[in-house]
Amino acid sequence: MKKILALLLASMMVLGLAACGGESTDTTDQNETTTEGTETTETTAVDPDSIPDTMTSEDGKYEVAFVTDVGQLKDKSFNQGTFDGVKLYANANGLSYKYYQPANSSEATDDDRYDAMKAAVDGGAKVVVCAGYLQEAALKRAAAEFPDVPFIFIDGYPLQDDSGNTLTNVAGIAFQEEQAGYLAGYAAVKDGFTKLGFSGGGGGTNDACCRFGYGYVQGANAAAAEKDVTVDMNYSWQYGATFQASTDLQTMISGWYSNGTEIVFACGGSMFQSIVAAASANDGYVIGVDVDQSGESDYVITSAMKGLSDAVQWAVGHVYDGTFDTIGGTATSLGVKDHAVALPTDADSWRFETFTVEEYEALYQQMLDGTLVVDNDFSKLETTEWTNVNLNVI
């Protein structure tokens, strides 16, 4: 598939949060040339797992910094996908890099997150990448205190200081997750699943997860209508407030599977571990999130991906080519039209039995040409009269 990094560097797209976005793939198989505003450069295939997570710089300074979201750095999902972008850009350009995890793990406070950002700046960061909406309060404080340091807010949006002035050193990068969720829900029902589940992170307060879930229901409903069937769906934010794996979450999902649920969208970082454990114990199936999680379990049928790694590289690139002012203080939203959201279609990851890659690509094309528009107003979830989904919000 096309690569968001090359596409974005070529077009320098800066979109509003309600604008259309693109299809995502990992940069690990990338070999593309870009020419916008700089000398022509070529990126070569690199596996981010081959790049060490930690390094020692000769001067003790670390230029490209990453402040993690809640959960583990190597969560095989949001944190890891974002950090992969940091490592890939730094590795390709001979830059030092370091990650900073706020103290107190899942119980981290705004002060803990600010302390991590300050440590990054004090450590020599020329750009700080911050992952997750929970960074907002700390990031506002840090960006105001260090106005000469660019911050990249992944799953974020423009921020203002206490006086209402836009913080132009913060670039908010968001995704149109509703499109990826739609693709996953549609594909699952088209493949024959009729009893679905959604388990989301953030306790229902994370806009990205809410968009994923709302799109998932829309896709499932559309596919069920085309097949003239009705599907059942359990939909819950329980045990996901901190995005952590837990015995309570595993017990709940095990109960779903034992009562007939066939496939669950695991939408929340390390929550995946509990959900896939429940699936393996009950011969159920899982839909992964953010990155291609098929390598983590044979029970993963597909993953609703977004181009975290590529978006980070694109945004950090703006710092080093002197064009950060074109994205700082603005809202960038990436979706299908930027090739920034997708399902994985390679042979190892495509595990549907009847729904084909060709059918998927036709659906994707409908989003590209605008004949299929996925609603992103997730406040309508429980007020919508779904024609072909029995939605059980738990």
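Residues numbered from 1 in each chain as written. Predicted model: local features only at pLDDT ≥ 70, side-chain atom pairs only at ≥ 80, totals over all residues. Heavy atoms only, no water.

## A closer look at the sheet that holds strand β13 (residues 331-334)
- Spatially, the six strands line up as an open sheet ordered β4-β3-β5-β6-β7-β13, and their pairing is parallel. Looking at strand neighbours, the two that pair on one side only are β4 (97-100) and β13, the edges of this open sheet. Averaged over all pairs of adjacent strands, the angle between strand axes in this sheet comes to 20°, irrespective of strand direction.
- Alignment of strand β7 (residues 170-175) against β13, held across four bridges, turns out to be parallel. Counterpart to I173 in the pairing with β13 is T332. (Pairing = 2+ DSSP bridges. Helix = DSSP H or I, 4+ residues; strand = E, 2+ residues; numbered from the N terminus. Axes fitted to C-alpha atoms, helices over the stretch in contact; angles between N-to-C directions.)

## Some words on the packing of helix α5 (residues 177-190) against helix α10 (residues 357-369)
- Look at α5 against α10: their axes get within 11 Å of each other, and the N-to-C directions meet at 150°. Classified by the angle their axes make, α5 and α10 are roughly antiparallel. The way α5 lies across α10 gives a crossing that is right-handed. Contacts from Q179, Y182, L183 and Y186 in α5 reach Y360, L363, Y364 and M367 in α10.
- By residue class, the composition of the contact of α5 with α10 is seven nonpolar, one polar and no charged. (Parallel < 35°, antiparallel > 145°, perpendicular 65-115°, else oblique. Left-handed = near helix turned anticlockwise from the far one by under 90°. Contact = heavy atoms within 4.5 Å. Nonpolar A, V, L, I, M, F, W, Y, C, P; charged D, E, K, R; others polar.)

## Description of helix α4 (residues 136-145)
- When α4 is considered as a whole, its buried residues turn out to be A138, L139, A142 and A143. Looking down the long axis of α4, one finds its buried residues gathered within 125° of arc, a one-sided arrangement.
- In the core, the buried residues of α4 are packed alongside α3 (110-122), β5 (127-131), β6 (151-154) and β7. (Buried < 20%, exposed > 50% of the residue type's maximum accessible area, 1.4 Å probe, protein only. Arc of directions from axis to C-beta.)

## Observations regarding unusual backbone geometry
- Unlike most non-glycine residues, S105 shows phi in positive territory, near 50°.
- In this structure, S105 sits in the loop between β4 and α3.
- Looking at S105, the relative accessible area reads 47%, which means it is partly exposed.
- Even without a glycine there, the phi angle at H339 is positive, about 55°.
- Within the secondary structure, H339 sits in the loop between β13 and β14 (341-342).
- Since its relative accessible area comes to 8%, H339 is described here as buried.

## Digging into helix α9 (residues 308-320)
- Taking 1.5 Å per residue as the helical rise, α9 with its 13 residues ought to reach 18 Å, and the 19 Å between its terminal C-alpha atoms agrees with that figure.
- For α9, a buried count of 12 out of 13 residues is recorded, marking the element as mostly surrounded by other parts of the structure.
- Considered for burial, the residues of α9 that qualify are L308, S309, D310, A311, V312, Q313, W314, A315, V316, G317, H318 and V319. (Expected span 1.5 Å × (residues − 1).)

## Thoughts on the pattern of salt bridges
- Counted under the stated rule, the structure contains 15 salt bridges.
- For D155, the salt bridge is made with K306, and the minimal N-O distance between the two is 2.9 Å. Placement of D155 in the loop between β6 and β7 and of K306 in strand β12 (residues 300-306) is noted, with a sequence separation of 151 residues between them. For the pair D155 and K306, one class covers both residues: buried.
- Taken together, the salt bridges that share partners define one network made up of D155, E177, E178, R211, D290 and K306. (Salt bridge = Lys/Arg side-chain N within 4 Å of Asp/Glu carboxyl O.)

## Examining the state of the cysteines
- Enumeration according to the criterion identifies zero disulfides in this entry.
- We note that C209 lacks a disulfide partner, and the nearest cysteine sulfur, in C267, lies 3.9 Å from it. (Disulfide = S-S within 2.5 Å.)

## Things to note about the packing of aromatic side chains
- Taken as a whole, this structure holds 22 aromatic pairs when the rule is applied.
- Between Y214 and W386 the ring centres are 6.2 Å apart and the planes differ by 70°, which places this aromatic pair in the edge-to-face class. A residue pair is termed long-range when its members are at least 10 positions apart, and Y214 in helix α6 (residues 207-227) and W386 in the loop between α10 and β15 (389-393) qualify at 172 residues. Pair check on accessibility: Y214 and W386 agree, each one buried.
- Members of the aromatic cluster, connected to one another through ring pairs, are Y182, Y186, W350, F352, F355, Y360 and Y364.
- A cation sits over an aromatic face here: R141 above Y114, 3.6 Å from the ring centre. (Phe/Tyr/Trp six-rings, centres within 6.5 Å; stacked < 30°, edge-to-face > 60°. Lys NZ or Arg CZ within 6 Å of the ring centre and 35° of its normal.)

## Section: the confidence of the model for the protein chain
- The predicted model of the protein chain averages 89 in pLDDT, with 89% of residues at 70 or higher.
- Confidence drops under a pLDDT of 50 for residues 9-44, and excluding neighbours within four residues, the segment shows 111 contacts in the predicted structure. (pLDDT = per-residue confidence, 0-100.)

## With respect to the nonpolar core
- Ranked by size, the top nonpolar core spans 53 residues in total, and within it Y182, L196, Y216, M233, F265 and Y360 carry the most contacts.
- The biggest single contributor to this core is α6, with 10 residues.
- Look past the residues within four positions of Y360 in its chain and what remains in contact with it is L183, A342, L343, T345, W350 and F355. (Core = buried A, V, L, I, M, F, W, Y, C linked by side-chain atoms within 4.5 Å.)

## Regarding the sheet that holds strand β8 (residues 195-200)
- Taken in spatial order, the seven strands make up an open sheet running β14-β12-β11-β10-β8-β9-β15, and their pairing is mixed. Since the sheet does not close on itself, it has two edges, and those belong to β14 and β15, each with one partner.
- Note that β8 and strand β9 (residues 231-236) share five bridges and pair parallel. Among the inter-strand pairings, F198 is bridged to a residue of β9, identified as Y235.

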